[in-house]
Amino acid sequence: MTDTPNSHLMAEIVELIPRLRRYARVLVRDADRADEFVQEALVRAVARIDQFQPGTDLRAWLFTILHNLVVSSFRRDKHRALLAERQGPPNNATMPRQEDWAALRQVETAIQRLDPRYRDLLFLATITGASYEELARELSIPIGTVRSRLNRARSHLKRQLEGGAHD
Amino acid sequence: MRVLILEHDPLCAFDFIAALEAHGHEVIGPAARVSVGARLLRRRRVDLALIDLRLGLDRGLDLIPHAESAGVRCIAITGSPLEAKAASDRLVGCMPKPVSGEQVAALVNWYEDACAGSNKAPPSTFMSFGASPPQVRAQSRACTMPRRLRSSFGR
C-alpha cells in the first residue's frame, strides 16, 4: 500500500474514467478520438494533481480539463480549415465573394464576444450535434438550463449581428 | 470475457481498458478500492479479476475473498510480484509491471483460450501460480463458451 495525500484523488479519478469516456463520446462521436481526449485529460490531471483544490468537486475539475481539450482542438481544426481554404488554389466557382468573407468574420467576432458559458455550449451543440438531453446529462445541468442558455446564446448572437445590444 | 480491473493508477487503468475493449472484452470497473471492486463483484457478472496489489488506499489481495465468493479467479498485475507469490495458492498467476495494455490483453486472450481447452503457452512475462487453466475451467463459472461462438449465443 502506498498511501499518499493524493491516494484518494487518484482512486476517484480511476473510478471516474467510465463517465469521462461517456462524456467525451458525447462531444466527439468518433470513439477512438474520444478516447484520445480522455487519455490526454488523464495525463494532464495526474500531472497537475497538486493544483486540485481540496474540498472542490473533482468530477467537475476533470470534466473541465476534458471539455477544454476538446473545445481547443475543435477551434484549432476550425482555424486550420479556414486557413487552408484561404490559402488554397483559387477556384472562381467556389471562392466566396469579398462580402461573404466579411460576413464570416463578423460572425466569428460576434461568437467570440459571447459570454463563455453561452459560447462553449453553443459551440458544442453546433459542432457535435449533441442533443439537449445529452448535453444536460453530461454537463450535469438541468435540461431547461441547456435550453435557456442556448436560446440566450442565439439571441445575443442575433442582436450583435444586427448591430444591437452588446453583453 | 468480462474483466474486472482493480487498479490505482489512472493511466494504467485507461491503457488496460482501451486494449481489452479493442480485443473484444468487456471491462467491469475500473475500481481503485477494494470496497468498490467487491461491490462490482456482487452486482455484475465477472469472468476474471485483474488486481493491482499495492493500491493507494487498500491491499489488492483483500479483494481475493470477495472474488472467491463470486467464483471469480484473480490474476495479479503488479510491481510487487513477491507479494503476489505469497498468495500464489489463491491467484492464477502474476504479470509483473511495467506492462502495456496490449500485454494485458494478450494475457486475457490466453486465459480465455486456455479455459476453452487450448494448450497455448502463456505470455512470456506471465508467472503461473496455483491452478492451471483447465482446473480454472473446472472450478470457475467463467469461460464456458469459446470466444468465437459467444456473440452468436449471447454471453
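Looking up chain B in an unreviewed UniProt entry gives the name Response regulatory domain-containing protein, with the organism given as Roseiterribacter gracilis.

In the nomenclature of an unreviewed UniProt entry, chain A corresponds to RNA polymerase sigma factor from the organism Roseiterribacter gracilis.

Undergrad: I would appreciate a short explanation of the overall build of chain B in the present structure.
TA: Check the secondary structure of chain B and you find seven helices and six strands. Tracing chain B from N to C terminus, the helices and strands come up as β-α-β-α-β-α-β-α-β-α-β-α-α. Within chain B, the fraction of its 155 residues that count as buried is 47%. The long-range share in chain B, meaning contacts at least 24 apart out of those at least 6 apart in sequence, stands at 61%.

Undergrad: Just checking my understanding: could you explain helix 5 (residues 101-115) of chain B for this structure?
TA: For helix 5 of chain B, built from 15 residues, the straight-helix expectation of 21 Å at 1.5 Å per residue is met to within 8% by its first-to-last C-alpha distance of 21 Å. Two residues or fewer after helix 5 of chain B comes G117 of chain B, characterised by a positive phi angle close to 110 degrees.

Undergrad: Would you take a moment to explain the pairing of strand 3 (residues 48-51) of chain B for this structure?
TA: The two faces of the sheet receive side chains in turn, since in a regular strand these alternate between them. All names here are of chain B. Burial along strand 3 is two-sided: the face carrying L48 and L50 and the face carrying A49 and I51 are both buried. One ladder, built from four bridges, connects strand 1 (residues 2-6) with strand 3; its direction is parallel. Bridging across to strand 3, I5 finds its partner in L50. Direction of pairing for strand 3 relative to strand 4 (residues 73-78): parallel, over a ladder of four bridges.

Undergrad: Help me understand the interface of chain A and chain B, please; the structure alone is not making it clear to me.
TA: Quite often, the size of an interface is put as the accessible area lost when its parts meet. Opposite the 18 residues of chain A that make contact, chain B presents 19 residues. The set of elements that each furnish at least two residues to the side of chain A that touches chain B consists of helix 1 (7-27) and helix 2 (31-47) of chain A. Residues of the side of chain A that touches chain B, tallied by class, amount to ten nonpolar, five polar and three charged.

Undergrad: Mind showing me how you'd approach the confidence of the model for chain A here?
TA: Should the pLDDT be low somewhere, the predicted coordinates at that spot are not to be read in detail. The predicted model of chain A averages 80 in pLDDT, with 81% of residues at 70 or higher. Per-element mean pLDDT across chain A ranges from 71 in helix 4 (residues 98-113) of chain A up to 95 in helix 2 of chain A.

Undergrad: What should I look at first to understand the sheet that holds strand 1 of chain B in this one?
TA: What links the strands of a sheet is backbone hydrogen bonding, and the strands pair in either a parallel or an antiparallel sense. Residue and element names in this part refer to chain B. With mixed pairing, the six strands of this open sheet are ordered in space as 2-1-3-4-5-6. In this open sheet, the two edge strands, each paired with only one partner strand, are strand 2 (26-31) and strand 6 (127-128). As paired strands, strand 4 and strand 5 (residues 93-96) are joined by four bridges and run parallel to one another. Of the residues in strand 5, the one forming a bridge with T78 is P96. Contacts from helix 2 (residues 34-43) reach strand 1 and strand 2 within the one sheet, and its direction differs from that of strand 2 by about 145 degrees.

Undergrad: Looking at this structure, how should I read the nonpolar core?
TA: A general trend in soluble globular proteins is that nonpolar side chains are found buried together. In this structure, L66 of chain A together with V3, L48, A49, L50 and I75 of chain B are the most contacted members of the largest nonpolar core, which totals 82 residues. Sort the elements by how many residues they give to this core and helix 1 of chain A lands first, with twelve residues. When residues of this core are assigned to domains, at least three fall in each of domain 1 (1-68) and domain 2 (96-167) of chain A. The contacts of I75 of chain B, once residues within four sequence positions are left out, are L48, L50, L91, V92, G93, C94, M95 and L107 of chain B.

Undergrad: Is there a simple way to explain the environment of L63 of chain B in this structure?
TA: Residue and element names in this part refer to chain B. Following the sequence through the fold, L63 ends up in the loop between strand 3 and helix 3 (64-69). By C-beta crowding, L63 is classed as buried, having 28 other C-beta atoms within 10 Å. Spatially, the C-alpha atom of L63 lies 9.4 Å from that of L53, the residues being ten residues apart in sequence. Ignoring any residue separated from it by four or fewer positions in sequence, one finds L63 in contact with L6, V34, G37, A38, A49 and I51.

Undergrad: Please explain helix 6 (residues 132-139) of chain A as it appears in this structure.
TA: All names here are of chain A. Of all the residues in helix 6, the buried ones are E134, L135, E138 and L139. End-on view of helix 6: buried residues confined to an arc of 110 degrees, all on one side of the axis. A positive phi of about 55 degrees marks S140, the residue just after helix 6.

The rules behind each value
Residues numbered from 1 in each chain as written. Chains lettered and ligands numbered in written order. Predicted model: local features only at pLDDT ≥ 70, side-chain atom pairs only at ≥ 80, totals over all residues. Helix = DSSP H or I, 4+ residues; strand = E, 2+ residues; numbered from the N terminus. Buried ≥ 20, exposed ≤ 12 C-beta atoms within 10 Å, placed from the backbone. Contact = placed C-beta atoms within 7 Å. Expected span 1.5 Å × (residues − 1). Pairing = 2+ DSSP bridges. Nonpolar A, V, L, I, M, F, W, Y, C, P; charged D, E, K, R; others polar. pLDDT = per-residue confidence, 0-100. Axes fitted to C-alpha atoms, helices over the stretch in contact; angles between N-to-C directions. Core = buried A, V, L, I, M, F, W, Y, C linked by C-beta atoms within 7 Å. Domains from an automatic or database assignment. Arc of directions from axis to C-beta.

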